[in-house]
Amino acid sequence: MAQKLVVGNWKLNGSLAANEALLGAIGALDGVEVAVCVPFPYLAQAASRPRGVALGAQTVSEFQSGAYTGEVSAEMLADLGCRYVIVGHSERRALFGEDDAMVGRKAAAALRAGLTPIVCVGESLAEREAGRVLEVVGRQLDAVLAVVGAQALARGVIAYEPVWAIGTGRAASVDEAQAVHADIRRWLAGQGAATVRVLYGGSVKADNAAALFAAPGIDGGLIGGASLVANDFMSICRTAVASGA
Ligand code: 13P
């Protein structure tokens, strides 16, 4: 089994002082890859410490440079030492009008700059209840594939984040997560991209991480709220070591 990847998504949280405390209390661990995706203004702060923790951003412009006021390019993120960037988070899709095609273009921008996009996919509760999980996730994945191509896709990471599990305290059950991960893996294998890591996100906490990470096909987690509490985040990372290689 490969080493797991645990990524903290701080979302719209933090201050220089709060980050200092949080970054001072988290660190790299043998046997797991740890990353934090922080707000743009704090990338430089997070880049300077802690050692061994990979840096990432939470979104990226589809454009490289030019008259795009307010945008941040993948090249800028790479310049600041980012390895990862989240694209297509459901909050970006729902609140900021990012559609499937734009998510594909953002993934392509990240790959062009040598970053690893963490492509988020996942269904809403209504879509799940209508039995449309596979259709929705498949459509989201196909859109990215159509823009980046199978070869580049193989350099990315997928995060399955059911919308109804995000920030609700109601994580997918192991069976629910595992079933969708298996479908995503089948789809990836069909594109010749079987080695792509597939993370689970949505109310991952210190007390449910072990069961989720032990499930076949779950290669780690994308952690929201619990990544803001150093003890909880490190406890999740230690769980990933225990269930890794
Ligand atoms: P929570 O862990 O707070 O549910 O957030 C998950 C998420 O959206 C990570 O990207």
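Just above, that's the structure.
Everything quoted here is computed from the prediction, not taken from an experiment.

Trainee: Account for the packing of helix α7 (residues 133-153) against helix α8 (residues 174-190), naming residues and giving values.
Mentor: One way to put it is that α7 packs onto α8 with a least axis distance of 11 Å and a crossing angle of 35°. In this structure, α7 crosses over α8, and the sense of that crossing is right-handed. Residues Val133, Leu134, Val137, Leu141, Asp142, Leu145 and Leu153 of α7 pack against Val180, Asp183, Ile184, Trp187 and Leu188 of α8.

Trainee: Can you tell me about empty space enclosed by the protein, naming the residues and giving the values?
Mentor: Taken as a whole and assessed by the stated rule, the structure comprises one cavity of 30 Å³ or more. Counting residues per element, the ones that place at least two in the lining of the largest cavity are α5 (100-112), β5 (116-121) and α7. Counting residues per element, the lining of the largest cavity draws most heavily on α7, which supplies four residues. Looking at the lining of the largest cavity, its residues break down into nine nonpolar, one polar and no charged.

Trainee: Kindly report on α8, identifying the contributing residues and their values.
Mentor: For α8, built from 17 residues, the straight-helix expectation of 24 Å at 1.5 Å per residue is met to within 8% by its first-to-last C-alpha distance of 24 Å. The inward-facing, buried residues of α8 abut β5, α6 (125-129), α7, β6 (157-160), β7 (197-201) and α9 (209-214).

Trainee: Please provide a residue-by-residue account of the sheet that holds β7, values included.
Mentor: Reading around the circumference, β1-β2-β3-β4-β5-β6-β7-β8 is the order of the eight strands in this closed barrel, with parallel pairing throughout. Averaged over all adjacent pairs, the angle separating strand axes in this sheet is 25°, with direction ignored. Here α8 sits on the sheet in contact with β5, β6 and β7, set at roughly 155° to β7.

Trainee: Give me the lowdown on the packing of α5 against α7, citing residues and values where you can.
Mentor: Two elements in contact, α5 and α7, have axes whose closest approach is 8 Å; the angle formed by their N-to-C orientations is 30°. Judged by the angle between their axes, α5 and α7 are roughly parallel. Where α5 crosses over α7, the handedness of that crossing is right-handed. On α7, the residues that touch Asp100, Ala101, Val103, Gly104, Arg105, Ala107, Ala108 and Leu111 of α5 are Arg139, Gln140, Ala143, Val144, Val147, Val148 and Ala152. Each residue belonging to the contact of α5 with α7 can be placed in one class, and the counts come to ten nonpolar, two polar and three charged.

Trainee: Got a sec to walk through the nonpolar core? Specific residues and values, please.
Mentor: Ile184 and Tyr200 are the most contacted members of the largest nonpolar core, which has 66 residues in total. Among the elements that line this core, the one with the most residues is α7, at eight residues. The residues contacting Tyr200, other than those within four sequence positions of it, are Tyr160, Pro162, Ala165, Ala171, Ala172, Ala177, His181, Leu212, Ile218, Gly220, Gly221 and Leu222. Counting 13 residues, the second largest nonpolar core, distinct from the first, contains Cys37, Tyr84, Ile118 and Leu222.

Trainee: Talk me through the environment of Val7; I want residue IDs and the actual numbers.
Mentor: With respect to the helices and strands, Val7 occurs in strand β1 (residues 4-9). For the pair Val7 and Gly201, spaced 194 residues apart in sequence, the C-alpha to C-alpha distance is 9.4 Å.

Trainee: Now, about the environment of Gly224: what can you tell me, with residues and values included?
Mentor: Examined against the element boundaries, Gly224 turns out to sit in the loop between β8 (220-223) and α10 (230-242). Since its relative accessible area comes to 18%, Gly224 is described here as buried. Taking the C-alpha atoms as reference, Gly224 lies 29 Å from Gly149; in sequence the two are 75 residues apart. Those residues in contact with Gly224 that lie beyond four places of it in its chain are Asn9 and Lys11.

Trainee: Please provide a residue-by-residue account of the site of the ligand, values included.
Mentor: The full set of residues close to the ligand is Asn9, Lys11, His89, Glu161, Ala165, Ile166, Gly167, Gly202, Ser203, Leu222, Gly224 and Gly225. Between the ligand and the protein, one listed contact pairs an oxygen atom with a side-chain N or O atom of Glu161 at 2.9 Å. Contact distances for the ligand include 2.8 Å between an oxygen atom and a backbone N or O atom of Ser203. Burial of the ligand by the protein chains amounts to 96% of its free accessible area of 300 Å². Classifying every residue of the shell around the ligand by side-chain character gives three nonpolar, seven polar and two charged.

Thresholds, definitions, all that
Residues numbered from 1 in each chain as written. Predicted model: local features only at pLDDT ≥ 70, side-chain atom pairs only at ≥ 80, totals over all residues. Heavy atoms only, no water. Axes fitted to C-alpha atoms, helices over the stretch in contact; angles between N-to-C directions. Helix = DSSP H or I, 4+ residues; strand = E, 2+ residues; numbered from the N terminus. Left-handed = near helix turned anticlockwise from the far one by under 90°. Contact = heavy atoms within 4.5 Å. 1 Å grid on protein atoms, 1.4 Å probe; cavity = no way out; pocket = protein on both sides within 12 Å on 5 of 7 lines; lining within 4 Å. Points joined across faces, edges and corners; volume = space filled by probe spheres on them. Nonpolar A, V, L, I, M, F, W, Y, C, P; charged D, E, K, R; others polar. Expected span 1.5 Å × (residues − 1). Pairing = 2+ DSSP bridges. Parallel < 35°, antiparallel > 145°, perpendicular 65-115°, else oblique. Core = buried A, V, L, I, M, F, W, Y, C linked by side-chain atoms within 4.5 Å. Buried < 20%, exposed > 50% of the residue type's maximum accessible area, 1.4 Å probe, protein only. Near = heavy atom within 4 Å. Polar contact = N/O pair within 3.5 Å; in protein donor to acceptor, adjacent residues only side chain to side chain. Areas by Shrake-Rupley, 256 points an atom, 1.4 Å probe, with all protein chains shown as cover.

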